[in-house]
Number of protein chains: 2
Amino acid sequence: MEVTRPWKQLILRALESSSHLQRSSYFQLATVGSNGRPSNRTVCFKGFLEDSDNIQIHTDKRRRKFEELKCHPFAEICWYFTDSWEQFRINGRVDVIDGSNSDPVKLQIREKSWLACSMELRLQYLASNPGLPCPSEQPQHFKLDPSTGPLDTFCLLILDPDQVDYVNLKSNQRLRFISRLSDNGEKFWTSEKINP
Amino acid sequence: MEVTRPWKQLILRALESSSHLQRSSYFQLATVGSNGRPSNRTVCFKGFLEDSDNIQIHTDKRRRKFEELKCHPFAEICWYFTDSWEQFRINGRVDVIDGSNSDPVKLQIREKSWLACSMELRLQYLASNPGLPCPSEQPQHFKLDPSTGPLDTFCLLILDPDQVDYVNLKSNQRLRFISRLSDNGEKFWTSEKINP
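Residues numbered from 1 in each chain as written. Chains lettered and ligands numbered in written order. Predicted model: local features only at pLDDT ≥ 70, side-chain atom pairs only at ≥ 80, totals over all residues. Heavy atoms only, no water.

Labelled according to an unreviewed UniProt entry, chain A appears under the name Pyridoxine/pyridoxamine 5'-phosphate oxidase 2, originating from Melia azedarach.

This is the structure in structure tokens:
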């Protein structure tokens, strides 16, 4: 059955009905590490890119997932809505956009994403190298001008989904959405009801 | 610094303080698929194996993670406690124990795990093949004798952790625990404070 991104509508509905819960904007992002083992961490949903179905995530270039995704640009999001018992598994390719990107349109999207961050979030990109030993207990105080553009450590990830698995554990229904390319190169989605 | 599994104490404390929340016993398990891409899904914590630090999970042999873990037996759990803002990333090797296992001790552990399941959970292992197209709307009704041993589809996964990354987003503290082997072959843990 051909469909027009109904999984996105399902996510938007789940987000709306749980908008009072801060936790609903967090999901788990799995990648494959340089040693071939899986990595998994909680990240924050930064919205869909314009009116596409591409998902935006922020990261620090110094975090492991930056290198992991550069080498192996595939990820699966697991997004579980704890109140509605709905789970989305979103698999796709990730575009890693840091300041060295050669595409001016992508750099513009990165800048827009940076400016949408609170000052508190922006300051995190000035903090000590994440994951490195932390010898001192001294609190760090940083300052940043609100007009300062994206810091070098700021990186935008854009996941372009090609398969979405949706399950509703209350109604016990499961749907699989698969993207395909039409003859004229346009992406479209098919969906199928599968056993939960 | 040598430590005796303090990450397990941290998990037990987080579990205890969120024991009123059913969602706290769920976490996300990442594996690597046969196509080399990451997979990620929500699963339920089935307790530590006896007094070890090995983590038990149940699955159906017909689910994709069974084959994935047979081929590539590494996984990373991401366990985020939404109320205390604590995250555990637990990386390790997974032992896949189904009915064809040749080790009688492991088969016994599998049987014990099966008997600890509610009847409702056991019946799920009789349901139609998960992930296959679901043509009919007819509800399924199954019956099972409470004394029936583990069904063939029932599989126990045991994750043996070798690295744990803990972060507390309230106190902004992060610890990395790494397991090592002593000269006499015993496993022990070291921990290090790292930048969040």
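Resuming the write-up.
Draft legend 1. Structural view of the overall build of chain A. Scanning chain A from N- to C-terminus turns up four helices and nine strands. Walking chain A from its N terminus toward its C terminus, one meets helices and strands in the order β-α-β-β-β-α-β-β-α-α-β-β-β. In terms of overall size, chain A behaves like a compact globule, its C-alpha atoms giving a radius of gyration of 18 Å where 196 residues would be expected to give roughly 16 Å. Considered along the principal axes of its C-alpha atoms, chain A spans approximately 55 × 40 × 35 Å. Among the 196 residues that make up chain A, the fraction classed as buried is 49%. Within chain A, contacts between residues separated by at least 24 positions form 62% of all contacts whose residues are at least 6 apart in sequence. On chain A, roughly 10000 Å² of surface is accessible, and the fraction owed to carbon and sulfur atoms is 51%. (Helix = DSSP H or I, 4+ residues; strand = E, 2+ residues; numbered from the N terminus. Rg over C-alpha atoms; globule rule 2.2 N^0.38 Å. Buried < 20%, exposed > 50% of the residue type's maximum accessible area, 1.4 Å probe, protein only. Contact = heavy atoms within 4.5 Å. Areas by Shrake-Rupley, 256 points an atom, 1.4 Å probe, with all protein chains shown as cover.)

Draft legend 2. How the structure looks around the pairing of strand S7 (residues 154–168) of chain B. Residue and element names in this part refer to chain B. Across the 15 residues of S7, twelve count as buried, placing the element largely inside the fold. Sheet topology places strand S6 (residues 86–97) next to S7; twelve bridges connect them, and they run antiparallel. Opposite Gly92, over in S7, you have Pro161 as the bridge partner. As paired strands, S7 and strand S8 (residues 173–181) are joined by six bridges and run antiparallel to one another. Within S8, the position partnered with Gln163 by the bridge is Ile178. (Pairing = 2+ DSSP bridges.)

Draft legend 3. Up close: the packing of aromatic side chains. This model, assessed by the stated rule, comprises 26 aromatic pairs over all chains. Between Trp7(B) and Trp189(B), the aromatic rings sit 5.5 Å apart at their centres with planes inclined by 70°, giving edge-to-face as the arrangement. Of the two residues, Trp7(B) is situated in helix H1 (residues 6–17) and Trp189(B) in strand S9 (residues 187–194); the sequence distance between them amounts to 182 residues. Of the two residues examined, Trp7(B) and Trp189(B), each falls in the buried class. A cation over an aromatic ring shows up here: Lys8(A) above the ring of Phe48(A), its NZ or CZ 4.6 Å from the ring centre. (Phe/Tyr/Trp six-rings, centres within 6.5 Å; stacked < 30°, edge-to-face > 60°. Lys NZ or Arg CZ within 6 Å of the ring centre and 35° of its normal.)

Draft legend 4. View of the interface of chain B and chain A. Across the contact, 46 residues belong to chain B and 46 residues belong to chain A. Buried surface at the junction of chain B and chain A, summed over both partners, amounts to about 3700 Å²; 45% is from carbon and sulfur atoms. In this assembly, chain B and chain A are joined by two salt bridges. Put simply, Asp162(A) and Arg37(B) hold a salt bridge, and the shortest N to O gap is 3.2 Å. On the surface where chain B and chain A come into contact, there are 27 residue pairs in polar contact (both at pLDDT 80 or more). Mapped by element, the contributors of at least two residues to the side of chain B that touches chain A are strand S2 (26–32), strand S3 (38–44), strand S5 (74–81), S6, S7, S8 and S9 of chain B. At six residues, the largest contribution of residues to the side of chain B that touches chain A is made by S5(B). Split into classes, the residues belonging to the side of chain B that touches chain A amount to 16 nonpolar, 17 polar and 13 charged. (Buried area = accessible area lost by both parts, 1.4 Å probe. Salt bridge = Lys/Arg side-chain N within 4 Å of Asp/Glu carboxyl O. Polar contact = N/O pair within 3.5 Å; in protein donor to acceptor, adjacent residues only side chain to side chain. Nonpolar A, V, L, I, M, F, W, Y, C, P; charged D, E, K, R; others polar.)

Draft legend 5. Inspection of the relation of the copies chain B and chain A at higher detail. For the pair chain B and chain A, the superposition axis carries a translation of 0.0 Å, the fit reaches an RMSD of 0.0 Å, and the rotation angle comes to 180°. In the structure described here, the two chain copies are related by an operation that fits a two-fold rotation axis. For chain B, the minimum C-alpha distance to the rotation axis belongs to Ala30(B) and amounts to 3.0 Å. Both copies contact each other with a shared surface, as 100% of the interface residues of chain B are interface residues in chain A too. (Least-squares fit on C-alpha atoms with pLDDT ≥ 70 in both.)

Draft legend 6. Geometry of the pairing of S3(B). Residues and elements named next belong to chain B. Across the seven residues of S3, six count as buried, placing the element largely inside the fold. By the bridge criterion, seven bridges tie S2 to S3 in an arrangement that is antiparallel. Looking across to S3, one finds that Thr31 is bridged to Ser39. In sequence, S2 turns back onto S3 through a hairpin of five residues, with Gly36 there showing a positive phi of about 85°.

Draft legend 7. Fine view of the pattern of salt bridges. Here the structure, examined in full by the defined rule, presents 24 salt bridges over all chains. Between Asp83(A) and Arg23(A) there is a salt bridge, with the nearest N and O atoms lying 2.9 Å from each other. Of the two residues, Asp83(A) is situated in the loop between strand S5 (74–81) and strand S6 (86–97) and Arg23(A) in the loop between helix H1 (6–17) and strand S2 (26–32); the sequence distance between them amounts to 60 residues. On the accessibility criterion, Arg23(A) (18% relative accessible area) is buried. In this structure, Glu76(B) and Arg89(B) form a salt bridge, with 3.1 Å as the shortest nitrogen-oxygen distance. Here Arg89(B) lies in strand S6 and Glu76(B) lies in strand S5, a separation of 13 residues in the sequence. In terms of burial, Glu76(B) and Arg89(B) fall into one category: buried. Taken together, the salt bridges that share partners define one network made up of Arg41(A), Arg64(A) and Glu68(A).

Draft legend 8. Structural context of H1(B). Residue and element names in this part refer to chain B. Between its first and last C-alpha atoms H1 spans 17 Å; for twelve residues at 1.5 Å apiece the expected length is 16 Å, and the two agree. Along H1, the residues that are buried comprise Trp7, Lys8, Leu10, Ile11, Ala14 and Leu15. On an axial view of H1, the arc spanned by its buried residues comes to 160°, and they lie on one face. Its buried side turned inward, H1 meets S5, S6, S7, S8 and S9. (Expected span 1.5 Å × (residues − 1). Arc of directions from axis to C-beta.)

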